[in-house]
Amino acid sequence: MWSASLTSVFAIAALQQPTIDATPVERVSIELPGGAIARALEALAPDAQPIDLPAALGAPGRVPGPPADAWNQPGTWTRWAALLDAESRASTPDPVRRGELALLALEQARWDDAWRELEVCAASPGWLAALLPRFLPGAPAGSPAAPGGRTGRLPDGVTLAPSLPPSTRGAPVGRVDRRAMRIDDLAIGDAVVELTVAVEAEGVQVDVTHRSGGPARFSLRIPEPDDFAIAQEYVDWYRKDELRVAHSIEVKPGDPTHTFYGRFEPHSVRFSARLPTQLNAQLQTGTLWIITGEEPGERALAREIAESLEKGPLKIAARALGASEAPADAEWTGVRLDLRDANERQRKLAWLASSVEHFALRAKAAEPR
């Protein structure tokens, strides 16, 4: 569970390239909820070439992105803090930094943060074309890129991790924001499919319809909202035993629409998503104590997180401690972030990163257009 004290502070590897056909299908239609990115997509020419991103994000002609599980790997938090610090001091947003921040947010399942960064990049057709495949259909890094915000033909057996659709501006906190996005003519193996991702009143639904070609196999991870927990997952309405994993499916000519479904827990609002206008006074005068387990890897990650917060744009005083190293009560000035529960650790860290980005970049936030 989230600690009340933390809530008061923030309501807050090289990729192996597959040898596959990079030729896009002839017609691709992508639909997003109305907004700045949807308008930029409508203006994007079908032959708009994806920009070649920095080498750290992948090879030319490939869909970019950090390695899987990047946020648990050495260097990611340090890199993220450096990007934020540079961007917070820049006179205008830099699409290179914003593009990398978007990809890092996707890897941490911070959907709204990722879409916000993509909105900053969307004015450049090359950036939009390069980054969009990571959002929809959720193509893995290293997949073949193609013009117009598309991927090339993906290999049989690919794993897709689509994002949630961009949130509606001004949607009420604590209520489900219903929205959807869709891609037609997604080529996987010998098949061409239509894929729709929708947030509904009771869960997240991903529909896959075979449109042409032969059969194909692939796996898909159902995206989970920040505020609502998924309690059960289904494939074609058969309940799966495991949650938050990629489920496999085969699509064939003549099949009915296949459905991946994640049902929300009843009354499953996790915590308020509202952010205060300024940092809590405890953090301005005290320390963020990051409590971790005793495993060397956990301790090293906590130390890097603490260092990244101290060197980042907010210059937050932070210190990593093992559970056995708690200071005397008189020294507990500030806030504790307990990362010992592995089931909650990643969500807490995503919340922390999201909140720091909000405060670091809010002066440069994209205005509604």
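So, a few notes on the structure that sits alongside this text.

Reading the values: the criteria
- Think of each chain on its own: its residues are numbered from 1, step by step along the sequence as written.
- Local features in this predicted model are restricted to residues whose pLDDT is 70 or higher, and side-chain atom pairs enter the listing and the counts only when it is 80 or higher, whereas totals over whole chains, interfaces and linings include all residues.
- The side-chain values count all of the structure's non-hydrogen atoms but skip hydrogen atoms and water molecules.
- Helix and strand definitions follow DSSP, with helices as H or I runs of at least four residues and strands as E runs of at least two, each counted in order from the N terminus.
- Burial status follows relative accessibility: with a 1.4 Å probe on protein chains alone, a residue under 20% of its type maximum counts as buried, one over 50% as exposed, and anything between as partly exposed.
- Method for areas: the Shrake-Rupley scheme with a 1.4 Å probe, in which residue coverage is limited to the protein chains shown.
- For two strands to pair, DSSP has to find at least two bridges joining them.
- Inter-axis angles, ranging from 0 to 180 degrees, are taken between N-to-C directions of lines fitted to C-alpha atoms, where helices are fitted over the stretch in contact.
- Any angle that falls under 35 degrees is termed roughly parallel, while one over 145 is termed roughly antiparallel, one within 65 to 115 roughly perpendicular, and all others oblique.
- Take the far helix as the reference: if the near one is turned anticlockwise from it by less than a right angle, the crossing is left-handed, and if turned clockwise, right-handed.
- For this analysis, residues touch if any pair of their heavy atoms sits within 4.5 Å.
- Polar here means any residue other than Ala, Val, Leu, Ile, Met, Phe, Trp, Tyr, Cys and Pro, which are nonpolar, and Asp, Glu, Lys and Arg, which are charged; Gly is therefore polar.
- What qualifies as a polar contact is a pair of N or O atoms within 3.5 Å, subject to a donor-acceptor requirement within protein and to the restriction that residues adjacent in sequence count only when both atoms come from side chains.
- Aromatic contacts are taken between Phe, Tyr and Trp rings whose centres are within 6.5 Å, Trp giving its six-membered ring; a plane angle under 30 degrees counts as stacked, one over 60 as edge-to-face, and the others as tilted.

Moving on to the overall build of the protein chain. In terms of helices and strands, the protein chain carries 9 helices and 15 strands. The 369 residues of the protein chain split such that 52% are buried. When the accessible surface of the protein chain is totalled, it reaches about 16,900 Å², and 49% of it is carbon and sulfur.

The subject of this paragraph is the sheet that holds strand β11 (residues 246-251). The strand order across the open sheet built from 3 strands is β4-β8-β11, with neighbouring strands paired in mixed fashion. In this open sheet, the two strands that pair with only one neighbour each are β4 (159-160) and β11. In the sheet, β4 pairs with strand β8 (residues 216-221) via 2 bridges, with the strands oriented parallel. Considered in β8, the bridge of T159 is made with S219.

Moving on to the packing of helix α5 (residues 111-121) against helix α6 (residues 125-135). Look at α5 against α6: their axes get within 10 Å of each other, and the N-to-C directions meet at 165°. Looking at the two axes, α5 sits roughly antiparallel to α6. For α5 against α6, the interelement crossing comes out left-handed. Of the residues in α6, those in contact with A114, W115, L118 and C121 of α5 are W127, L128, L131, L132 and F135. In terms of residue class, the contact of α5 with α6 is made up of 9 nonpolar, no polar and no charged.

Residue placement: E100 occurs in helix α4 (residues 95-107). Note on E100: relative accessible area 8%, which makes it buried. Reaching out from E100, the side chain makes a polar contact with the side chain of R79 at a distance of 2.9 Å. Setting aside anything within four residues of it in sequence, one finds E100 in contact with L57, R79 and L83.

Within the fold, G61 resides in the loop between α2 (36-43) and α3 (76-89). G61 gets classed as partly exposed once you look at its relative accessible area, which sits at 41%. Here the alpha-carbon distance between G61 and S143, two residues 82 residues apart in the chain, equals 8.6 Å. Sequence-distant contacts of G61, defined by excluding residues within four places in its chain, comprise D52, S143, P144 and A145.

Moving on, we come to the packing of aromatic side chains. The full count for this structure, using the stated rule, is 8 aromatic pairs. Ring geometry for W71 versus W77: centroids 4.8 Å apart, planes at 75°, classification edge-to-face. As far as the burial class goes, W71 and W77 line up, both buried. For the pair Y234 and Y261, a centre-to-centre distance of 6.5 Å together with 45° between the ring planes defines the contact as tilted. Pair noted here: Y234 is in strand β9 (residues 228-235) and Y261 is in strand β12 (residues 258-269), with a separation of 27 residues, a long-range link. Taking relative accessible area as the criterion, Y234 reaches 14% and is therefore assigned buried. Taking the relative accessible area as the measure of exposure, Y261 reaches 6% and is therefore buried. Taken together, the aromatic side chains of W71, W77 and W80 make up a single cluster linked through ring pairs.

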